[in-house]
Amino acid sequence: MEQLLSMNLPELTDWLKALRYPAFRGKQLYEWLLKGVPFEGMTNLPKDFRAKLARTAVANPVRIRDAFVSRLDGTEKYLYELDDGNLIEGVLMRYHHGNTLCLSTQVGCHMGCAFCASTLEGCVRSLTPGEMLGQIVAVNARLNGDRVDNVVLMGSGEPLDNYDNVMKFLRLMNDEKGLNMSLRGVSLSTCGLVPNMYRLAEEGLPVTLSLSLHAPNDEIRKKLMPVAKVYAMDDVLAACRNYVEKTGRRVIFEYAMVGDVNCEPAHADELAHRLRGLQCHVNLIPLNEVKERGALKAPTQAQIDRFMKRLQERHISVTRRREMGDDIQGACGQLRRRTIMNEELESNGVK
Ligand code: SAH
């Protein structure tokens, strides 16, 4: 089945031409696709054309299967089902400056970070450009007139491990004839795949680079992130400096605070020293505890305050990530896991 949302308008028109349909049908079809309307609802297209499309193609490969809305702040958490039955999840955060959607780029993840739920069963597969765009299309359709303004690639998966599809997706979402969304509203988060960070700096795309640092040195970073055994922190930071130079945009460092591992005052000093002179901002994320990940625990409020103050004293721009939608689900990746496990139990006759 052809995934039409992976195509831009000229590609869609070419595809239709091969089926002997005129170009104006491409325009009509593309408009419906971006609105998330299923083939049968595309009322200005002839019936036989719609039937043919339904036999050969997929309108949106992403379907919202469950949605949970926070009573605290309006945050919405989604469980999506893909065309092949795989599940991914996403979060919509409502800020005064607009709606931000957290997108997944893979089903699961290869990277194996010690604290993360998304990587527990490895990576099932990478998402297509249409499956990334489809998450936005599905949420826009649900929002009824309101829409997604900004996008963070911080759901499951490692975006730079699915490089070509993510680049195609960014160009599709930015396309004037498509959703026409600004790339300045996009943050791409990576655990630090150095060669692809250099490639990204050459793409000419004004996206913000978020780097998952999580440690002040290689020794601690290796305990939390297997990728640190492949790329040294100095090389990761050099790739960040290059990104700042090439794009003129500051880099955001994400720092998951893990109690008794990386949030002592001495760690703040070391971090400030390593980041000196780099145009950046540090985002502290108190660990979201994942019970399958054993002993790792969240820091105390006192540890967070002390660490943050210490960085500020050393002139590092720093904020603590706001926790949103606390009442709807636990840490990233857990909704999908819980659903898969419940379904396995049910199919074994256990409830
Ligand atoms: N693969 C990308 C995107 C992953 S998720 C990356 O590594 O950046 C986005 C952020 O959430 C990353 O910084 C990731 O390390 C962090 N994260 C994952 N699980 C977490 C948890 N249990 N608590 C706090 N932060 C977590």
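Owing to the predicted nature of the structure, the values given are computational and were not obtained by experimental measurement.

### Structural notes on the site of the ligand
Neighbouring the ligand are 16 residues, the closest being Glu158, Ser189, Ser212, His214 and Asn288. With respect to the ligand, the backbone of phenylalanine 115 contributes an N or O atom lying 3.1 Å from a nitrogen atom. Asparagine 288 places a main-chain nitrogen or oxygen 2.8 Å from a nitrogen atom of the ligand. Protein coverage of the free-state accessible area of the ligand, which is 540 Å², stands at 95%. Split by residue class, the shell around the ligand holds seven nonpolar, seven polar and two charged.

### Here we look at the domain arrangement of the chain
Partitioning the chain into structural domains gives domain 1 (1–59) and domain 2 (74–347). At the junction of the two partners, domain 1 supplies 13 residues and domain 2 supplies 15 residues. Buried surface at the junction of domain 1 and domain 2, summed over both partners, amounts to about 1100 Å²; 60% is from carbon and sulfur atoms. Where lysine 168 meets glutamate 11, a salt bridge forms, and the shortest distance between an N and an O atom there is 2.9 Å. Taken together, the connections running from domain 1 to domain 2 amount to four residue pairs in polar contact (both at pLDDT 80 or more). Only helix H1 (9–18) and helix H2 (23–35) provide two or more residues apiece to the side of domain 1 that touches domain 2. Of the residues forming the side of domain 1 that touches domain 2, the biggest block, four residues, is contributed by H2. Of the residues that constitute the side of domain 1 that touches domain 2, the class distribution is seven nonpolar, four polar and two charged.

### A look at the sheet that holds strand E12 (residues 251–257)
Read from one edge of the open sheet, ten strands run E3-E4-E5-E6-E9-E10-E11-E12-E13-E14, paired in mixed fashion. The sheet is open, and its two edges are formed by strand E3 (62–69) and strand E14 (318–320), each paired on a single side. If you compare each strand with its neighbour and ignore which way they point, the axes differ by 20° on average. Inspection of the sheet shows strand E13 (residues 280–286) paired to E14 by three bridges, in the parallel sense. Residue pairing for E14: valine 282 is matched across the bridge by valine 318. Along the sheet, helix H8 (residues 233–247) contacts strand E11 (208–212) and E12; its crossing angle with E12, the most-contacted strand, is approximately 145°.

### Side note on unusual backbone geometry
Phi is positive for arginine 20, which is not a glycine, with a value near 70°. Tracing the backbone through its elements, the reader meets arginine 20 in the loop between H1 and H2. On the basis of relative accessible area, arginine 20 is assigned to the exposed category, the value being 77%.

### Considerations on the packing of H2 against helix H4 (residues 129–143)
Each pair of packed helices can be summarised by the angle the axes make with each other and by the distance between the axes. Following both chains from N to C, one finds H2 and H4 inclined at 75°, their axes separated by 7 Å at the closest point. Classified by the interaxial angle, the pair formed by H2 and H4 is roughly perpendicular. Across the interface between the two elements, Leu33, Leu34 and Lys35 from H2 touch Leu133, Val137 and Ala141 from H4. Partitioning the contact of H2 with H4 into residue classes produces five nonpolar, no polar and one charged.

Definitions and limits used
The residue count restarts for each chain, going from 1 along the sequence in the order it is written. The predicted origin of the model limits local features to residues at a pLDDT of at least 70 and limits the giving and counting of side-chain atom pairs to 80 or more, whereas totals for whole chains, interfaces and linings rest on all residues. Calculation of side-chain values draws on the structure's entire complement of heavy atoms; hydrogens and water are dropped beforehand. Nearness is defined per residue: one heavy atom within 4 Å of the molecule or strand is enough. Pairing of N or O atoms within 3.5 Å defines a polar contact, subject to two protein rules: one partner must be a possible hydrogen donor and the other a possible acceptor, and residues neighboring in sequence count only if both atoms are side-chain atoms. With residues, only the protein chains shown are counted as cover, and all accessible areas are computed by Shrake-Rupley using a 1.4 Å probe. Any residue outside Ala, Val, Leu, Ile, Met, Phe, Trp, Tyr, Cys, Pro, Asp, Glu, Lys and Arg is labelled polar, Gly included; the first ten of those are nonpolar and the last four are charged. Domain start and end points were adopted from an automatic or database domain assignment. Whether two residues are in contact is decided by their heavy atoms: any pair within 4.5 Å suffices. What counts as buried area is the accessible surface, traced by a 1.4 Å probe, that two parts surrender upon association, with contributions from both included. The term salt bridge refers to a pairing of a side-chain nitrogen on Lys or Arg with a carboxyl oxygen on Asp or Glu at a separation within 4 Å. A run of DSSP states H or I qualifies as a helix once it reaches four residues; a run of E qualifies as a strand once it reaches two. Both are numbered from the N-terminal end. Strands are labelled as partners when DSSP assigns at least two bridges between them. Here the axes come from fitting lines to C-alpha atoms, over the contacting stretch only for helices, and the angles between their N-to-C directions go from 0 to 180 degrees. Relative accessible area decides the class of each residue, using a 1.4 Å probe on protein chains only: under 20% of the type maximum gives buried, over 50% gives exposed, and in between gives partly exposed. Angles below 35 degrees are treated as roughly parallel, those above 145 as roughly antiparallel, those between 65 and 115 as roughly perpendicular, and all remaining angles as oblique.

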